[in-house]
Amino acid sequence: MSRLCMRTFLESPLSSKYRLPISPSSAVQIRGNTYMFGSQTQVWSNVKQQSLDEAASKSSIRLTPFQMLWAGRFKDGTHLLKSAQFLRKELPIRIARRVVDFQKLPHIVLCNPVIHDVYELYLRAFSVLNKFPKVETLELEERYNRIIRQLLDDHQNVVTNLAEGFHECQRNVPYETIDAFLNRTLTSRLGIRMLAEHHLALSIDKPNYIGIVCTHLNFRQLVERCSDFARQVCEHTYGIAPGLIVNGHTQAVFPYIPAPLEYILQELLKNAMRASVEHHLDRPLEVPNIVVTLCSNDTDFYVRVSDRGGGIPESKLQDIFKYSYTTMGDRSTIRPSDDPNIFSDLCKGHPNNSPSGGPMAGWGFGLPTSRAYATYLGGSLELQSLEGLGTDVYLRLRHIDGKKESFRI
Ligand code: ADP
Ligand code: COI
């Protein structure tokens, strides 16, 4: 996973030493109480364990993307009220479960300052959301939206913070504990953020969108957008980037939620580009294209990302889907920042003339997070390495209007 902000929807890993970015100016009124986000007032300090446990034990409702559309828009805004009322019940349950899950971590992990900060963020979110009164008017809905927006913002760096925290304490806990905790936390967070973003987006009129669902997603254009992003990062890091060929079902258009798909594709494309460039350090003008093959059938759609980046050694294959595993920084991997002259000839005249150790990779979260998201979205992520030649990564995701039931958020 890169350290660069790819989409605030899911992640914004550029935090300054990972202190919580809470804006000092936001005060929120709930039932006459003022909650100062960003003040030193610990609004969560009086959260009772009993209310957390109670909320966590309630059953949560997971909706299919089509149920999220709330069967239309009404001029009087009743669909917004209905959506806010659903969130008001649902979010405290899901967030309480996150808090309780943090509490079950080994003490030494929860004591890690960065992880403890994230735990407190969730505690605070629970405290604020659990107290919010019933959303019966559009005015209250607007107040509720302000809180949701602020929380989404405050939680932007959660994944980076977890990556840093678990990197620091990975030697103190069995890997299985970290793996299970991160899979649950990251996918549950994805669901929470999709629900919250969807609600906020319901009040915005955007062609081809209902909330966060794009009703006519152009498969090829989305891949090309992700590739443009990955190419920029790659060029910024190495001074060059491989080209891209897209083939297969390039005309496919279908409804989907673009954000998680974009996140996964950006991670896969950055990995493919990094491997391709690093495998051709001695022949930078011959870096082979990345080939992306698209396929869409009645139930699923697929993306295969094929690179000629030398593949992955057999001995490392069992590690690449582990959180925090990365070869960025290995002795075997030349980082452009280590030798800024590597691509000096190529970079002449290039807008990013000085290749710097950029955000190409580094936390070792890209593959495991992408696989956890793909599984959550009813799909899979598999990788086939041809050691010495290259790597094929297969992403399969379930259609949301397909013949089989789609995933639930
Ligand atoms: P990061 O990109 O931060 O290192 P990832 O989880 O995305 O984390 O990848 C983990 C490791 O898997 C990479 O550091 C790299 O060694 C290996 N890897 C992933 N994709 C490829 C690929 N297409 N070709 C070669 N190695 C790869
Ligand atoms: C998160 O992004 O971690 C969240 O749980 C968001 C939510 C508090 C609105």
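Residues numbered from 1 in each chain as written. Chains lettered and ligands numbered in written order. Predicted model: local features only at pLDDT ≥ 70, side-chain atom pairs only at ≥ 80, totals over all residues. Heavy atoms only, no water.

Undergrad: Would you mind showing me how to read the pattern of salt bridges here?
TA: Side chains that differ in sign of charge can pair as their charged atoms come close. Scanning the entire structure with this criterion turns up 15 salt bridges. Among the salt bridges present, the one from Glu 267 reaches Lys 270, with a minimum N-O distance of 3.5 Å. Taken together, the residues Glu 267 and Lys 270, both in helix H9 (residues 258-279) and three residues apart, mark about one turn of the helix. By relative accessible area, Glu 267 is classed as buried at 1%. The partner of Asp 319 in a salt bridge is Lys 322, and the shortest N-O contact between them spans 3.1 Å. With relative accessibility at 18%, the residue Asp 319 sits in the buried group. If you follow the salt bridges from partner to partner, you end up with Arg 98, Asp 101 and Arg 184 in one network. (Salt bridge = Lys/Arg side-chain N within 4 Å of Asp/Glu carboxyl O. Helix = DSSP H or I, 4+ residues; strand = E, 2+ residues; numbered from the N terminus. Buried < 20%, exposed > 50% of the residue type's maximum accessible area, 1.4 Å probe, protein only.)

Undergrad: For this particular structure, what's the right way to read the side chain of Thr 64?
TA: Considering the arrangement of structural elements, one finds Thr 64 in the loop between helix H1 (49-57) and helix H2 (78-103). Judged by its relative accessible area of 11%, Thr 64 falls in the buried class. With sequence-adjacent residues up to four places away left out, Thr 64 is seen in contact with Glu 405, Ser 406, Phe 407 and Arg 408. (Contact = heavy atoms within 4.5 Å.)

Undergrad: Looking at this model, I keep getting lost on the sheet that holds strand S9 (residues 380-386). Mind explaining?
TA: Ordered in space as S5-S7-S8-S10-S9, the five strands form an open sheet in which the pairing is mixed. Only two strands of the sheet have a single neighbouring strand rather than two, namely strand S5 (244-248) and S9. Taken pair by pair, the neighbouring strands of this sheet meet at an average axis angle of 15 degrees, ignoring direction. Helix-sheet contacts for H9 involve S5, strand S7 (290-296), strand S8 (300-307), S9 and strand S10 (390-398), and the interaxial angle to S8 is about 20 degrees. (Pairing = 2+ DSSP bridges. Axes fitted to C-alpha atoms, helices over the stretch in contact; angles between N-to-C directions.)

Undergrad: Teacher, can you tell me more about the sheet that holds strand S4 (residues 213-218) here?
TA: One key point about sheets: their strands pair by backbone hydrogen bonds, in either a parallel or an antiparallel sense. Strand order in the open sheet made by the three strands is S3-S4-S6, with antiparallel pairing throughout. Each edge of the open sheet is held by one strand with a lone partner, namely strand S3 (209-210) and strand S6 (253-256). Here S3 runs beside S4; their pairing, made up of two bridges, is antiparallel. Among the inter-strand pairings, Ile 210 is bridged to a residue of S4, identified as Val 213. Along the sheet, H9 contacts S3, S4 and S6; its crossing angle with S4, the most-contacted strand, is approximately 50 degrees.

Undergrad: What is the right way to look at empty space enclosed by the protein in this model?
TA: If you roll a probe as big as a water molecule over the atoms, it shows you where there is empty space left. If you walk through the whole model with that rule in mind, you get two cavities of 30 Å³ or more. Considering only enclosed or pocket space, the largest cavity measures out at about 160 Å³ in volume. Looking at the lining of the largest cavity, the elements that each hand over two or more residues are H2, helix H4 (113-130), helix H5 (138-154) and helix H7 (175-202). For the lining of the largest cavity, the leading source of residues is H7, giving four residues. (1 Å grid on protein atoms, 1.4 Å probe; cavity = no way out; pocket = protein on both sides within 12 Å on 5 of 7 lines; lining within 4 Å. Points joined across faces, edges and corners; volume = space filled by probe spheres on them.)

Undergrad: For this particular structure, what's the right way to read the site of ligand 2?
TA: The full set of residues close to ligand 2 is Ile 95, Tyr 122, Ala 125, Leu 151, His 155, Arg 189, Ile 192 and Arg 193. One nitrogen or oxygen atom from the side chain of Arg 189 is found 3.0 Å from an oxygen atom belonging to ligand 2. One of the side-chain N or O atoms of Arg 193 is found 2.5 Å from an oxygen atom in ligand 2. Bound to the protein, ligand 2 loses 100% of the 290 Å² it would expose on its own. In this structure the site holding ligand 2 corresponds to the largest cavity. Among the elements that take part in the shell around ligand 2, H7 stands out by supplying three residues, more than any other. The class makeup of the residues in the shell around ligand 2 is five nonpolar, one polar and two charged. (Near = heavy atom within 4 Å. Polar contact = N/O pair within 3.5 Å; in protein donor to acceptor, adjacent residues only side chain to side chain. Areas by Shrake-Rupley, 256 points an atom, 1.4 Å probe, with all protein chains shown as cover. Sits in = over half its atoms within 2 Å of the grid points. Nonpolar A, V, L, I, M, F, W, Y, C, P; charged D, E, K, R; others polar.)

Undergrad: Looking at this structure, I do not really get the site of ligand 1. What am I missing?
TA: Close to ligand 1 lie 21 residues, the nearest being Asp 307, Thr 326, Thr 327, Gly 362 and Leu 367. Measuring from an oxygen atom of ligand 1, one finds a side-chain N or O atom of Arg 274 at 3.1 Å. Within the backbone of Gly 364, one N or O atom sits 2.9 Å away from an oxygen atom of ligand 1. For ligand 1, whose accessible area on its own is 540 Å², the fraction buried by protein is 94%. Elements supplying a minimum of two residues to the shell around ligand 1: H9 and helix H11 (366-376). Considering each element in turn, the shell around ligand 1 owes the most residues, four residues, to H9.

Undergrad: For this particular structure, what's the right way to read unusual backbone geometry?
TA: With the exception of glycine, the majority of residues adopt a negative phi angle, and the majority of peptide bonds are in the trans configuration. Its identity is not glycine, yet Asn 208 carries a phi of approximately 70 degrees, on the positive side. Mapped onto the fold, Asn 208 is located in the loop between H7 and S3. Phi at Ser 324 is positive, roughly 80 degrees, even though this residue is not glycine. By the secondary structure assignment, Ser 324 is in the loop between S8 and helix H10 (344-347). You can call Ser 324 buried: its relative accessible area is 12%.

Undergrad: Looking at this structure, I do not really get the packing of aromatic side chains. What am I missing?
TA: Each aromatic ring pair is characterised by the separation of its centres together with the angle its planes make. This structure, assessed with the given rule, holds twelve aromatic pairs. Note on Phe 102 and Phe 181: the rings are 5.0 Å apart at their centroids and 80 degrees apart in plane angle, and the pair reads as edge-to-face. On the criterion of sequence distance, the pair formed by Phe 102 in helix H2 and Phe 181 in helix H7 is long-range, its members being 79 residues apart. An identical accessibility class is assigned to Phe 102 and Phe 181; each is buried. (Phe/Tyr/Trp six-rings, centres within 6.5 Å; stacked < 30°, edge-to-face > 60°.)

Undergrad: Would you take a moment to explain H2 for this structure?
TA: Turn by turn, an α-helix covers 3.6 residues, leaving residues three or four places apart pointing in a common direction. A rise of 1.5 Å per residue sets the reference length of H2, with its 26 residues, at 38 Å; its end C-alpha atoms lie 38 Å apart and thus fit the reference within 8%. At Glu 90, H2 shows its maximal bend, which comes to roughly 25 degrees, and the proline Pro 92 appears one to four places after that position. (Expected span 1.5 Å × (residues − 1). Bend = angle between axes of the 7 residues up to and from the residue.)

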